[in-house]
Amino acid sequence: MRPHAPDGPERRLRSCLRTATERHRSATLVQVIVRDNNVDQALKALKKKMQREGIFREMKLRKAYEKPSERRAREKAEAVRRARKLERKRLEREGF
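None of the values given here were measured: they were computed from a predicted structure. (Residues numbered from 1 in each chain as written. Predicted model: local features only at pLDDT ≥ 70, side-chain atom pairs only at ≥ 80, totals over all residues. Heavy atoms only, no water.)

A. Quick look at the overall build of the protein. Secondary structure assignment for the protein yields four helices and zero strands. Counting helices and strands in the order they occur from the N terminus, the protein gives α-α-α-α. Scored against the burial criterion, the 96 residues of the protein give a buried share of 4%. Of the roughly 9900 Å² that the protein leaves accessible, carbon and sulfur atoms contribute 54%. (Helix = DSSP H or I, 4+ residues; strand = E, 2+ residues; numbered from the N terminus. Buried < 20%, exposed > 50% of the residue type's maximum accessible area, 1.4 Å probe, protein only. Areas by Shrake-Rupley, 256 points an atom, 1.4 Å probe, with all protein chains shown as cover.)

As structure tokens, then:
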């Protein structure tokens with residue numbers, strides 16, 4: 001006989017905790033090797049990797065709550081900018 005599964009808020013809480021844990025496990029780690037005790041060089045490499053991964057941008061976005069409507073507008077504007085940039089690059093390659 002199976003134990004009784006929790007209902008209501010407790011069940012939702014467990015599912016939220018589980019998904020948060022799964023997200024944490026799937027996160028990629030950013031690692032930098034320190035060579036010859038050169039911490040400055042390692043920090044520079046770490047910053048570059050974090051910049052490439054978009055971690056700084058994400059931290060800035062998460063600093064304050066963003067309403068869903070603001071998020072949609074921001075994402076749409078970003079998509080428009082990306083499309084325009086790709087179009088500019090395409091035209092530049094084709095020689096127009």
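There is more to say after this.
B. Layout of unusual backbone geometry. Its identity as a non-glycine residue notwithstanding, D36 has a phi of 55°, on the positive side. When you line up the elements, D36 lands in the loop between α1 (9–26) and α2 (39–53). Owing to a relative accessible area of 78%, D36 belongs among the exposed residues under this scheme. Of note in the backbone geometry, N37 takes a positive phi value of approximately 55° without being a glycine. Relative to the helices and strands, N37 is located in the loop between α1 and α2. Take N37: its relative accessible area is 72%, and that puts it in the exposed class.

C. Region of interest: a positive patch on the surface. Together, R84, K85, R88, K89 and R93 make up a region of like positive charge exposed at the surface. Relative to the helices and strands, R84 resides in helix α4 (residues 68–94). Judged by relative accessible area, R84 falls into the exposed class, the value being 58%. (Patch = residues over 30% accessible without salt bridge, like charges linked within 9 Å, V, L, I, M, F, W, Y side chains within 5 Å. Salt bridge = Lys/Arg side-chain N within 4 Å of Asp/Glu carboxyl O. Lys, Arg positive; Asp, Glu negative; His and termini not counted. Charge placed at Lys NZ, Arg CZ, Asp CG, Glu CD.)

D. A look at the side chain of E78. Mapped onto the secondary structure, E78 falls in helix α4. Among the polar contacts made by the side chain of E78, one reaches the side chain of R57 at a distance of 2.3 Å. (Polar contact = N/O pair within 3.5 Å; in protein donor to acceptor, adjacent residues only side chain to side chain.)

E. Representation of α2. Taking 1.5 Å of rise per residue, 15 residues should cover 21 Å, and α2 covers 21 Å from first to last C-alpha, within 8% of that figure. Just past α2, the residue G54 takes up positive phi, approximately 85°. (Expected span 1.5 Å × (residues − 1).)

F. Representation of the confidence of the model for the protein within the structure. Residues at a pLDDT of 70 or more form 71% of the protein, whose mean pLDDT is 82. Averaged over each element, pLDDT in the protein is lowest for α1 (54) and highest for α4 (96). (pLDDT = per-residue confidence, 0-100.)

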